[in-house]
Amino acid sequence: MIVKSLTPKLVPWILLLSLFTAISLTSSQPNAPPTISPDANRCNGVFVSYTYSTGSDIKPNDTKNQPYRFESVITVLNNARDELKSWRVFVGFAHQEILVSATNSVLGDGSSLPASVGNGTTFVGYPTADLKSAIMTAGDVTQMQARVELVGTQFGVAPPNVPLPKNITLVNDGWKCPKPTQQGKNVLQVCCMPGQRNKTVSIGEKYLPRQQGDLTIMYDVTKAYSSSYWAQVTIENHNPLGKLDNWNLSFTWMKDEFIFKTLGAYPSLVDPSECINGPQGKHYPHTDFSNVMSCARRPHIIDLPLTKYNDSNLGLKPFCCRNGTILPPSMDPAKSKSVFQMEVYKMPPDLNITAITPPQSWQIRGNLNNPDYKCGPPVRVSSSHFPDPNGLPSNRVVFASWQVVCNITQPATPQCCVSFSSYFNDSIIPCKTCACGGCSSDRVARTCSTTSTALFLPSQALLIPFENRTELATSWARLKRRRVPEPLPCGDNCGVTINWHLTTDYRGGWTARITIFNWGETNFADWFAAVELKKGAPGFEKAYSFNGTTVAVNGKNTTVLMEGLPGLNYLVAETDGKNPSKDFRVPGKQQSVISFTKKLTPGIKLGSGDGFPTKVFFNGQECSLPSVLPTNNGLKRHVSTFLLVALPLFALLILQS
C-alpha cells in the first residue's frame, strides 16, 4: 500500500533523473567532432580563419596609444585530397601587436615569445606540424585541423571595435590563396587551393622534399638511445654572396633537453646551474653536471678556433674550427659549410629510442657586416646518407633528419656605404648622410643635420676621417660655389666605405678603380666585395690586384665578385698615424683597377650610369649607395665656354680673309 501510494510521486523525479543522466552521457561522448563552419565545409582545399574572441583595455592609460589585450583563434583545416605537410600560415597583423602566447605553433622566423609582430608573422605547426586529409582519417577532424589560440597586446583599437589583421594566408609552397573575406565583425577567412604545379604529399610518402635556401641547416640524428642521442648539425651556405664571420647559432629546446657534450663547436656560455636547479637534476641525480656543456633552454653555439682542430676532446671533425667563418661557395666550396656534433640528453616522458624532438626557433647570426638570416622551422625530411666511417664502399643512413632553411634579409641599417667618382668630374659624391644610422639621438640632431645632403669632396678627402675633413669639405663647396648648410650634414657613420672611380673610357673598353676603406676596429680576414653592373659585367676582363670573377645571382650574370689575393686577403683596421698627436688616423685599405671590354656590351653608356654599380656588397651585406651619379656637366660647361669664345674669333678670321 505504501509503495503504491508513493509510486505516482516518484515518477517525475525518476524521469528528471534519467534526463540529467542522458544529458551527461551525451555531453561526455569522447568522439564528438569539433564544430565546423558552413564556409569551411564548402572549401575543398585548406580553410584558414582568424577569429577575434575578446579584448579589454590594460594599463597604462594612454590617450594617444592605449594598449589593449586581445584573444584570437587561428584555425587551419585540411579539406584537400592529400596530407598537408608542415603547415605555415601568415597573419598580417597591423595594430602594433605584441604576441604573448600561441598554442600548438611556433613563430616561423625563430622569434621567442613575447614578440613584436606588428608587421605580420608566420605561424608554424608545433608539435603537430602535419594535417592529414579526410581520406586518410575517414573524416576525423581532430587529425585534419589545427587550432592556435593567441593572447597578446594591440594598440589603438578600443572595444567594441575589432583589430582584425589585414591579411591571412597559407604560405606552404604550391598553394594559391585568394584575398581573404571578412565574415561579420570578427572573422577573417580564406579557402586556399593547390596550384597547377603543386606537388602534394600522397598517402605513403612520409616526408617533404628538401628545400633550397640561401643557407640550410641539417639536424641529423646519428646515434639514438633511450635517454639520449647524438646529433650532427651541418650549416651550409648556398648563396654566392652570402658570408658569416664568427657565426652564432641558437635554438630552443622544447622538452627540457640539455647538451652533455659537443665536438667541433662550443656553447658561448657553459653553465650547468639550470640543470642542477631544474627537473634535469632530479631525474639524473648521479650525473656530474660540472661536465655538462649547456643546460640553457636556448643555448648559443659558436665555432672553435683553428688551434682546436686537432684537439681530441673538442675537435677532429671535418669542416670545424675556422673561427666561425663560412664563405660563399663561389669563393671556396670547402669553406662554405661548418659541421659540429652534440650529445643531447632527454627527459620524461620521452625516454625511448624513437622519441626525438628537434629544437625549434633556429637563428644564426654573424658579425655586423654580415647579412641577416631568417630561418624557418625544422622540417622532417628523408634521412641523410653518410659515407661509411670504416672506409667501406657503402653509405650509412642516419636515424632521422630535419632541415632548417634560412634566407638572407638585408638589415634596415647597413654597415657599409659607397662613394662615386669619375675621370670627368673632380668632385667625389660621398656616402649618404647617416647612411649607417647613428643619427637618432637628440645630441646628434643638435650638432649636425640629419637631413642635409652630404657635401661633395675633393679626392684627397677620402683618406681623412669624417671628423677631420670639415674644413676641406666646406672650402671645396665654396670653391665650387655650392651652398654650405648650417648646421653641416652628419657623417655616414659606416665602419666600411667603398669608393668606385670610373677611370677611363676608350673605344675598345673601359676601366674602374675600387678602393675599400676600413674605419673600424675589426680586421677582416677572407673579405670579399661584389658589384652589380647590369650592363657592364658581361665585359669584365680582369681585376689587377684582386681575384675577380663574374658570378650568377638569381640567374643573372651581372655581378663581379672580388677577393684579396692569397696572402693579401686581410683588411686591417684603422690605425694611428705616424705622429698621433698631429696626424690623422689611417684606415685599412685595399685597392684594385678593373678592366672591361666593350666587345660584349655594345652601346654601353658609361657616363650615363652604365659604368657605376647598381648594388655593392661587402662580406655579403648590401651597402648604401649615393642617390646621384657623377656628371660631366663641368666638362660640358668648359666646352661651352670655349665655343662661346672661339666661334666669334673664328668668324672674325673668316671675314678678314
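This one's a predicted model, so the numbers in the text were calculated from it and none came from an experiment.

1. A short note on the overall build of the protein chain
Now for step 1: The helix and strand inventory of the protein chain stands at 10 helices and 38 strands.
Now for step 2: Counting the 657 residues in the protein chain, one finds 47% classified as buried.
Now for step 3: Across the protein chain, every contact between residues at least 6 apart in sequence was considered, and the portion connecting residues at least 24 apart equals 69%.
Now for step 4: Just so you have it, the protein chain exposes about 34,500 Å², and 54% of that area is on carbon and sulfur atoms.

2. A word on the confidence of the model for the protein chain
Now for step 1: The predicted model of the protein chain averages 88 in pLDDT, with 90% of residues at 70 or higher.
Now for step 2: Scored below 50 in pLDDT, residues 1-6 shows 0 contacts in the model against residues more than four places distant or in partner chains.
Now for step 3: In the model, residues 19-30 has pLDDT below 50 throughout and makes 0 contacts with residues more than four positions away in sequence or in other chains.

3. Details of the packing of aromatic side chains
Now for step 1: Applying the stated criterion across every chain, the model contains 21 aromatic pairs.
Now for step 2: Arranged with centres 5.1 Å apart and planes meeting at 55°, the rings of Phe 420 and Phe 612 form a pair that is tilted. Placement of the pair is Phe 420 in strand β26 (residues 416-422) and Phe 612 in the loop between α9 (606-610) and β37 (615-618), with a sequence separation of 192 residues.
Now for step 3: Since its relative accessible area comes to 2%, Phe 420 is described here as buried.
Now for step 4: For Phe 612, a relative accessible area of 2% corresponds to the buried category.
Now for step 5: Aromatic pair Phe 524 and Phe 618: ring centres 5.2 Å apart, planes at 85°, arrangement edge-to-face. One end of the pair, Phe 524, is in strand β30 (residues 524-525); the other, Phe 618, is in strand β37, with 94 residues separating them in the sequence.
Now for step 6: For Phe 524, a relative accessible area of 5% puts it in the buried group.
Now for step 7: Among the aromatic residues, those joined into a ring-pair cluster are Tyr 219, Tyr 229, Phe 251, Trp 253, Trp 362 and Trp 402.
Now for step 8: The residue whose ring lies beneath Lys 337 is Phe 319, and the NZ or CZ to ring-centre distance is 4.3 Å.
Now for step 9: Here the basic side chain of Arg 380 rests over the ring of Trp 402, its NZ or CZ set 4.9 Å away from the ring centre.

4. Here we look at the sheet that holds strand β9 (residues 168-170)
Now for step 1: Pairing is antiparallel in the open sheet, where 4 strands are placed in the order β5-β7-β3-β9. At either end of the open sheet lies a strand with only one pairing partner, and these are β5 (105-107) and β9. Averaged over all pairs of adjacent strands, the angle between strand axes in this sheet comes to 25°, irrespective of strand direction.
Now for step 2: Bridge count for strand β3 (residues 88-91) against β9 is 3 bridges, and the pairing is antiparallel. What sits directly across from Val 89, in β9, is Leu 170.

5. Some thoughts on the sheet that holds strand β34 (residues 556-564)
Now for step 1: Overall, antiparallel pairing links the 5 strands, which are arranged β33-β34-β31-β37-β38 in an open sheet. Of all the strands in the sheet, just β33 (546-553) and β38 (621-622) have a single pairing partner and so form its edges.
Now for step 2: Pairing of β33 with β34 involves 7 bridges; the strand directions are antiparallel. Each residue of the ladder has a partner; that of Gly 548, found in β34, is Met 562.

6. Re the nonpolar core
Now for step 1: Counting residues in each nonpolar core, the largest one holds 35 residues, and the members touching the most others are Tyr 219, Trp 247 and Leu 249.
Now for step 2: Broken down by element, this core gets its largest block of residues, 5 residues, from strand β13 (residues 215-224).
Now for step 3: In this structure Trp 247 touches Ile 235, Ala 265, Ile 301, Ile 302, Asp 303, Gly 324, Thr 325, Ile 326, Ser 338, Phe 340, Ile 364 and Arg 365, once residues within four positions along its chain are discounted.
Now for step 4: Membership of the second largest hydrophobic core comes to 33 residues, among which are Cys 416, Ile 516, Phe 596 and Leu 625.

7. Points about unusual backbone geometry
Now for step 1: At the junction of Tyr 126 and Pro 127, the peptide bond is cis and its omega measures out at 5° in the coordinates.
Now for step 2: Structurally, Pro 127 is set in the loop between β7 (121-125) and α3 (134-137).
Now for step 3: Going from Pro 159 to Pro 160, the amide bond is cis rather than trans, its omega being 10°.
Now for step 4: Turning to its location among the elements, Pro 160 is positioned in the loop between β8 (145-155) and β9.
Now for step 5: At Arg 481, a residue that is not glycine, the phi angle is positive and equals roughly 55°.
Now for step 6: Checked against the element boundaries, Arg 481 lands in the loop between α8 (470-479) and β28 (496-505).
Now for step 7: Its relative accessible area of 80% is what places Arg 481 among the exposed residues.
Now for step 8: Backbone geometry at Asn 554 places phi at a positive 55°, although glycine is not the residue there.
Now for step 9: For Asn 554, the location among the structural elements is in the loop between β33 and β34.
Now for step 10: The exposure class assigned to Asn 554 is exposed, which follows from its relative accessible area of 78%.

Conventions and cut-offs
Residues numbered from 1 in each chain as written. Predicted model: local features only at pLDDT ≥ 70, side-chain atom pairs only at ≥ 80, totals over all residues. Heavy atoms only, no water. Helix = DSSP H or I, 4+ residues; strand = E, 2+ residues; numbered from the N terminus. Buried < 20%, exposed > 50% of the residue type's maximum accessible area, 1.4 Å probe, protein only. Contact = heavy atoms within 4.5 Å. Areas by Shrake-Rupley, 256 points an atom, 1.4 Å probe, with all protein chains shown as cover. pLDDT = per-residue confidence, 0-100. Phe/Tyr/Trp six-rings, centres within 6.5 Å; stacked < 30°, edge-to-face > 60°. Lys NZ or Arg CZ within 6 Å of the ring centre and 35° of its normal. Pairing = 2+ DSSP bridges. Axes fitted to C-alpha atoms, helices over the stretch in contact; angles between N-to-C directions. Core = buried A, V, L, I, M, F, W, Y, C linked by side-chain atoms within 4.5 Å.

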